[in-house]
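Chain by chain, the residues:
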Amino acid sequence: MLKALVKSGFAQAARWTGQLRARENRRCGFLSILCFHRILPEAQRQTYFNPVLAITPEAFEIICSTLKQRAEVLPVAEAVAAFREGAPRAHLVAFSFDDGYQDNLQFAAPILAAHELRASFYVVADLIGKPQPPWYDRLGRIVQELARNGQPVDARGHGLEPGRRGAAPSAVVGAAKELGPDSRRALLDDLESRLAQPPVFDAPDRIMDWKDLRSLSKTGHEIGSHSRRHEILPQLDDVRLREEIQDSKRILERGLGSPVRSFCFPNGDYDARCLNEVEAAGYEAALTTRSGSNPPGTPLYELRRHFVHQRAWSAPSGRLSPVWVRLVVAGLWDRN
């Protein structure tokens, strides 16, 4: 509560003193990209293995209504084209959704439509229309169910004695990201084998299907690549790296019947090889998880984003703060 009060005071002071408005007026030529994952009603958000990665439809509505009035909101590829031109215009903002969950279509798309806004959805190509979500969602759910069944595990997936407090699912997923892809898959299979049956995922937890993606594309939204399988790219050899970056583009373009113009690095991890592959594949831009705004001259394959965190962006009342949305997008909270 104290932290929320301090941040709220900072935001309100920036508004009352005119600092926020002055900063907004100086943002011509900058590009701010917001990073979303899941849009879920509060009850579903709280049961998700990592609620930090989700915001409610009500919070998303506040973000859309606030930025509709304050910036030019475009899909990433269109915003990057304007950013690259460097022509004086309103502050550019883009909305990016990682992974391509069906809840984006169910809850986010209608709100975007109501505000006449368009966004970019970065999809894991091999999971389109499949009954299983990305590996980290599977792992998070498995850890949750093991705990409910009295089989807690530590952060490395090792079983603990019944009654012991297990690691948070997000901690197990975080540790799994440090493993190579084959070891990570073995861990997932081992933990899943401890359950009587694999978890079943409802539609909002899955990745959209081709019909969903084509529908979004036809209404002006951008569909971008988030790789083939959401592997940690720097861990891969050259052949598998090329599959994740170049093959995902071909799969999406074939299924959509339209160009795929931008890429989003899974987990935000990349190195020089990744940058080379993204350029070779013909993408116009790539998104990282580095925090902050993009001033003129930012490398287009290393674009920064603002991660949208519902609790951190809320006023002490618990409601998402429109002033905080403005403050973050204006770069007053940038730490770089």
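Provided above is the structure to which this section pertains.
Rules of the game
- Residues numbered from 1 in each chain as written.
- Predicted model: local features only at pLDDT ≥ 70, side-chain atom pairs only at ≥ 80, totals over all residues.
- Heavy atoms only, no water.
- Helix = DSSP H or I, 4+ residues; strand = E, 2+ residues; numbered from the N terminus.
- Rg over C-alpha atoms; globule rule 2.2 N^0.38 Å.
- Buried < 20%, exposed > 50% of the residue type's maximum accessible area, 1.4 Å probe, protein only.
- Contact = heavy atoms within 4.5 Å.
- Areas by Shrake-Rupley, 256 points an atom, 1.4 Å probe, with all protein chains shown as cover.
- Salt bridge = Lys/Arg side-chain N within 4 Å of Asp/Glu carboxyl O.
- Pairing = 2+ DSSP bridges.
- Phe/Tyr/Trp six-rings, centres within 6.5 Å; stacked < 30°, edge-to-face > 60°.
- Arc of directions from axis to C-beta.
- Polar contact = N/O pair within 3.5 Å; in protein donor to acceptor, adjacent residues only side chain to side chain.

Looking now at the overall build of the chain. The number of helices and strands found in the chain is 13 helices and 10 strands. Expected size for 336 residues packed as a compact globule is a radius of gyration near 20 Å; at 20 Å, the chain falls within 12% of this value. When its C-alpha atoms are laid out on the principal axes, the chain stretches across 60 × 50 × 35 Å. For the chain, the residues scored as buried account for 53% of the 336 residues in total. Sequence separation of at least 24 residues holds for 70% of the intrachain contacts in the chain that already meet a minimum separation of 6. With an accessible surface of roughly 14,800 Å², the chain has 51% of that area assigned to carbon and sulfur atoms.

A few words on the environment of P234. Among the secondary structure elements, P234 is positioned in the loop between β7 (222–225) and α11 (238–256). Along the primary structure P234 and G257 are separated by 23 residues, whereas in three dimensions their C-alpha atoms are 30 Å apart. In this structure, P234 is in contact with D269, Y270, D271, R273 and C274, ignoring residues within four places of it in sequence.

A word on the pattern of salt bridges. The tally for this structure, following the rule as stated, stands at 25 salt bridges. For D205, the salt bridge goes to R38, with nearest N and O atoms at 2.9 Å. Highlighted residues: D205 in the loop between α9 (181–193) and α10 (210–218) and R38 in strand β2 (residues 38–39), separated in sequence by 167 residues. Like R38, D205 is buried. Linking R141 and D205 is a salt bridge whose minimum nitrogen-to-oxygen distance equals 3.4 Å.

Right, let's talk about the pairing of β7 for a bit. With burial as the criterion, each face of β7 is covered, one bearing E222 and G224 and the other bearing I223 and S225. Relative to β7, strand β6 (residues 120–123) runs parallel, the two sharing 4 bridges. Counterpart to F121 in the pairing with β7 is I223.

Glancing now at unusual backbone geometry. For S227, which is not glycine, the phi torsion reads 85° and is therefore positive. Take S227: it is sitting in the loop between β7 and α11. On the basis of relative accessible area, S227 is assigned to the buried category, the value being 0%. Unusually for a residue other than glycine, N267 sits at a positive phi of about 65°. Following the sequence through the fold, N267 ends up in the loop between β8 (262–264) and α12 (272–281). Here N267 falls in the partly exposed class, since its relative accessible area comes to 29%.

Here we come to the packing of aromatic side chains. The geometry of an aromatic ring pair is captured by the separation of the ring centres together with the interplanar angle, meaning the angle of the planes. Using the criterion set out here, one finds 11 aromatic pairs in the structure. When the centroid spacing of 5.2 Å and the interplanar angle of 90° are considered together, the rings of F36 and F60 count as edge-to-face. Here F60 lies in helix α4 (residues 57–70) and F36 lies in strand β1 (residues 31–36), a separation of 24 residues in the sequence. Assigned by exposure class, F36 and F60 land together as buried. Consider the rings of F36 and F95, whose centres lie 5.5 Å apart with planes at 75°: the pair is edge-to-face. Residue F36 is located in strand β1, and its partner F95 is located in strand β5 (residues 92–99); the two are separated by 59 residues in the primary sequence. Accessibility assignment for this pair places F36 and F95 in one class, buried. Here a set of aromatic residues connected by ring pairs shows up, and it is made of F36, F60, F95, F97 and F121.

The next point concerns α10. Those residues of α10 not exposed but buried are D212, L213 and L216. Projected down its long axis, α10 shows its buried positions confined to an angular sector of 95°, all on one face. Opposite the buried face of α10, at more than 90 degrees from it, the exposed residues are K211 and K218. Taken together, the buried residues of α10 touch α6 (102–114), β6, β7 and α11. Of the residues flanking the start of α10, the one acting as N-cap is D209, its side-chain oxygen 3.1 Å from the backbone nitrogen of K211.

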